Structures are given as C-alpha cells and as structure tokens.
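So the chains spell out like this:
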Amino acid sequence: MGPTEAIKTGFRKSVQYSGRAKRPEYWWFLPVGLAVPLSWLWLSSPSVLNTSLLLRLVGFVAFLSPLVAVSTRRLRDSGAKVSGLTVPVTSLIGLCVSLYLLTSLNSWANNQWSQGADGPAGFTVMILFWLGAIPLLLFSLRNLVLGLMTGSALFSQMAVPSAQQQSPNR
C-alpha cells in the first residue's frame, strides 16, 4: 500500500474502530493524521480565525478521530492491546493544552506591551514570557516524545524483525 492509498483509506475509515490496519497503512497515514488536527488548532486560534474554544475542541476531536481509528486498527492487527493507545493520546492532548497555554501567555504579553509596558516594565514582561514559554514548550515536547516511545505498542511496529522471526527454519 502506497502513501496515497494509505491516506485515502485512513480518512475513508475515520470512524471505523474495528478491523485491522497493516503497517504501511498506519505509518503512511501517521504524519497526515497528526498534521490535520494540529493545523486545525493553529488555524482556529484567536490570532488567525478567532473561533470559540468549543468550536476548536469539537474540530480537534473530529480531525483526531481518523488517527485514533487507524491506530486502534493497527494495534489490533499487531496483536497488542488497544489500551496501549492511551499514553500517546494523553501526551498529544497534553501538548495541545501546553500550546494553548503558550498562546494565552503570548496574548497576555502582547496585551501588556500594548498597554504601555515599556522600559523596565516591558523588559520584565518579556522575561516572564520567556521564563514561562520555554520550559512549558520543552516540558510538553519531552512528555510527548517519551509518551509516544515508552507507552505505546505502536512504536514496537518500527522494529526490524529479527533473524528468527524472518525465517523460523534457521
């Protein structure tokens, strides 16, 4: 299965949680399945489209559904428990919450500067912004990577089969 067919299949079966998904289908769909909901969050942010929080959350869940569905089918196909999906999804939600907090912090800093916080006060706002933004972003990215690598049976699918698995007669 090529990349185009995998992406079409992933979106076509976006609400189908039963069945199976082969390894190429999952790995070709993964980048698109992550990019679409994250792009929606960025596009629906107050600085771009100024949509309500409820609309952003509903859109995010709707656009995340195909990724969760193909991941569930892939776990079932590999023989792993579907509960292995909870850690990566929780990590992704944590990253989205961190990005929301980061945009809120950015809005606060811009509001302070627009109200005339310049000189030492403006420098203080800038320092507070960077002291909040950098650790928050690094912490959320670290949790996402660790959550994906250690908590998910999906990443065991990346491993190259051993020589015994390739030919049992050896």
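Residues numbered from 1 in each chain as written. Predicted model: local features only at pLDDT ≥ 70, side-chain atom pairs only at ≥ 80, totals over all residues. Heavy atoms only, no water.

## Side note on the nonpolar core
Counted only if it meets this: The criterion is simple. A nonpolar core is a set of buried Ala, Val, Leu, Ile, Met, Phe, Trp, Tyr and Cys residues joined through side-chain atoms within 4.5 Å. Accessibility here uses a 1.4 Å probe with only protein chains present; expressed as a share of the type maximum, an area under 20% marks a residue as buried, one over 50% as exposed, and anything in between as partly exposed. Under the DSSP-based scheme used, a helix requires at least four consecutive residues in state H or I and a strand at least two consecutive residues in state E, with every element numbered from the N terminus. Here, two residues are considered to be in contact whenever any of their heavy atoms come within 4.5 Å of each other.
The biggest cluster of nonpolar side chains holds 13 residues, and the ones touching the most others in it are Phe-60, Leu-64, Leu-67 and Val-70. Put simply, the parts of the chain that give this core at least two residues each are helix 2 (23-43), helix 3 (53-78) and helix 4 (86-114). Ignoring any residue separated from it by four or fewer positions in sequence, one finds Leu-67 in contact with Phe-29, Leu-30, Gly-33 and Leu-34. Core analysis: the next-biggest nonpolar cluster, separate from the first, contains five residues, Leu-102, Ala-109, Phe-129 and Ala-133 among them.

## Some points on the pattern of salt bridges
Just so we agree on the cut-off: The rule for a salt bridge is simple: a side-chain nitrogen of Lys or Arg has to be within 4 Å of a carboxyl oxygen of Asp or Glu.
A full pass over the atoms with the stated rule returns one salt bridge. For the salt bridge of Arg-73 with Glu-25, the shortest nitrogen-to-oxygen distance reads 3.0 Å. Note that Arg-73 is positioned in helix 3 and Glu-25 in helix 2, a separation of 48 residues in sequence. Accessibility assignment for this pair places Arg-73 and Glu-25 in one class, buried.

## Thoughts on the environment of Leu-102
Locating Leu-102 in the fold gives a position in helix 4. Sequence-distant contacts of Leu-102, defined by excluding residues within four places in its chain, comprise Ala-133, Leu-136 and Leu-137.

## Thoughts on the packing of aromatic side chains
The criterion, for reference: Between the rings of Phe, Tyr and Trp (Trp by its six-membered ring), a pair exists once the centres lie within 6.5 Å; its type follows the angle of the planes, with under 30 degrees stacked, over 60 edge-to-face, and the other angles tilted.
Taken as a whole, this structure holds three aromatic pairs when the rule is applied. Arranged with centres 4.9 Å apart and planes meeting at 80°, the rings of Tyr-26 and Trp-27 form a pair that is edge-to-face. Given a relative accessible area of 2%, Tyr-26 falls into the buried group.

## Focus: helix 1 (residues 3-12)
Quick note on the threshold: When we speak of the arc, we mean the arc of directions from the helix axis to the C-beta atoms.
Within the sequence span of helix 1, burial applies to Ala-6, Thr-9 and Gly-10. Within helix 1, the buried residues cover an arc of 100° as seen down the axis, which keeps them to one side. Opposite its buried face, helix 1 presents the exposed residues Thr-4, Lys-8 and Arg-12, each directed more than 90 degrees away. Where helix 1 is buried, its residues touch helix 2 and helix 3.

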